[in-house]
Amino acid sequence: SESDGKKFRARYVIGTAPVLLFLGRLNFIKGPDMLLEAFCRCYQDERMKSYHLVFAGPDGGMLNELRRMVDTSGVKNRVHFTGYIGGSEKYDAYRAADFLAIPSRHEAMSIVVLEAGITGTPVLITDQCGFDDVAAIAGGMVVSASVEGLQRGLLSMAGDPERLKIMGQHLREFTCEHFLWDHVANRYLELFSRIMQ
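Residues numbered from 1 in each chain as written. Predicted model: local features only at pLDDT ≥ 70, side-chain atom pairs only at ≥ 80, totals over all residues. Heavy atoms only, no water.

1. Notes on empty space enclosed by the protein
So, step 1. For the coordinates displayed, the defined rule picks out one cavity of 30 Å³ or more.
So, step 2. Empty space within the largest cavity amounts to approximately 70 Å³.
So, step 3. Phe22, Leu23, Gly24, Lys30, Ala101, Ile102, Pro103, Ser104, Glu107, Ser110 and Val112 are the residues that line the largest cavity.
So, step 4. Where the lining of the largest cavity is concerned, the elements lending two or more residues are strand 1 (19-23) and strand 4 (99-102).
So, step 5. Residues of the lining of the largest cavity, tallied by class, amount to six nonpolar, three polar and two charged. (1 Å grid on protein atoms, 1.4 Å probe; cavity = no way out; pocket = protein on both sides within 12 Å on 5 of 7 lines; lining within 4 Å. Points joined across faces, edges and corners; volume = space filled by probe spheres on them. Helix = DSSP H or I, 4+ residues; strand = E, 2+ residues; numbered from the N terminus. Nonpolar A, V, L, I, M, F, W, Y, C, P; charged D, E, K, R; others polar.)

2. Here we look at the state of the cysteines
So, step 1. For the coordinates displayed, the defined rule picks out zero disulfides.
So, step 2. Unpaired in terms of disulfides, Cys129 finds its nearest cysteine sulfur in Cys42, a separation of 18 Å.
So, step 3. Overall, Cys129 belongs to the buried group, its relative accessible area being 0%. (Disulfide = S-S within 2.5 Å. Buried < 20%, exposed > 50% of the residue type's maximum accessible area, 1.4 Å probe, protein only.)

3. Considering the packing of helix 5 (residues 111-119) against helix 8 (residues 161-179)
So, step 1. Across the interface, helix 5 lies against helix 8 with an axial gap of 7 Å and an inter-helix angle of 115 degrees. If you check the angle between helix 5 and helix 8, you find them roughly perpendicular. Of the two elements, helix 5 crosses helix 8, and the hand of that crossing is left-handed. Facing helix 5, whose interface residues are Val113, Leu114, Ala116, Gly117 and Ile118, helix 8 presents Leu171, Arg172, Thr175 and Phe179. (Axes fitted to C-alpha atoms, helices over the stretch in contact; angles between N-to-C directions. Parallel < 35°, antiparallel > 145°, perpendicular 65-115°, else oblique. Left-handed = near helix turned anticlockwise from the far one by under 90°. Contact = heavy atoms within 4.5 Å.)

4. Let's talk about the environment of Arg95
So, step 1. Along the polypeptide, Arg95 turns up in helix 4 (residues 87-96).
So, step 2. Looking at Arg95, the relative accessible area reads 38%, which means it is partly exposed.
So, step 3. Through-space distance from the C-alpha of Arg95 to that of Lys6 is 8.4 Å; in sequence the pair is 89 residues apart.

5. Quick look at the pairing of strand 4
So, step 1. Alternating residues of strand 4 divide into Phe99 and Ala101 and Leu100 and Ile102, and every residue in both groups is buried.
So, step 2. Of the pairings in the sheet, the one linking strand 1 to strand 4 comprises two bridges and is parallel in character. By the bridge assignment, Leu21 is partnered in strand 4 with Leu100.
So, step 3. Alignment of strand 4 against strand 5 (residues 123-126), held across three bridges, turns out to be parallel. Considered in strand 5, the bridge of Ile102 is made with Ile125.
So, step 4. Crossover handedness for the path strand 4 to helix 5 to strand 5: right-handed. (Pairing = 2+ DSSP bridges. Right-handed = clockwise from strand over helix to strand, strands pointing away.)

In short, geometric facts, not functional conclusions.
Structure (structure tokens):
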């Protein structure tokens, strides 16, 4: 429900501004520095200028560097670090977000994409996430794992709020069809029974 998103926004004093969400550990492989740099480059653009960027996740060695980047940029009151969030608060974060960014330099397959799908939150991901289906089903955008690629994706997605809703619906349908638990559970049960033989 919408109120879940409102709770999250109230907690981090974001008000009604649109939200770009990063959810994961703040470490090099996850690329939060590239996302922040891309955000800093385009935060004054008409399409992005009301957006807030929320980094939700524990420090994986980059928090101080990211905070320094924020301090020397013009985005100081528009970037939030929540630390680790879990359980229902995590889903509140997805619901508060207009879209989710997964700027990974490398990722086997992002489980975060599936969580976003369940809540109908569209995603901007890099081509290193092992989830290029996102582009094929129009559930978001896939860009190169670079500041330039992310910047292009941010402006494109932020510039079309109506399309974001449709992307979120597409991702949700795809996730429900291919990854929801009865489907996944059956695949695991088959796997376990083969292993146990």
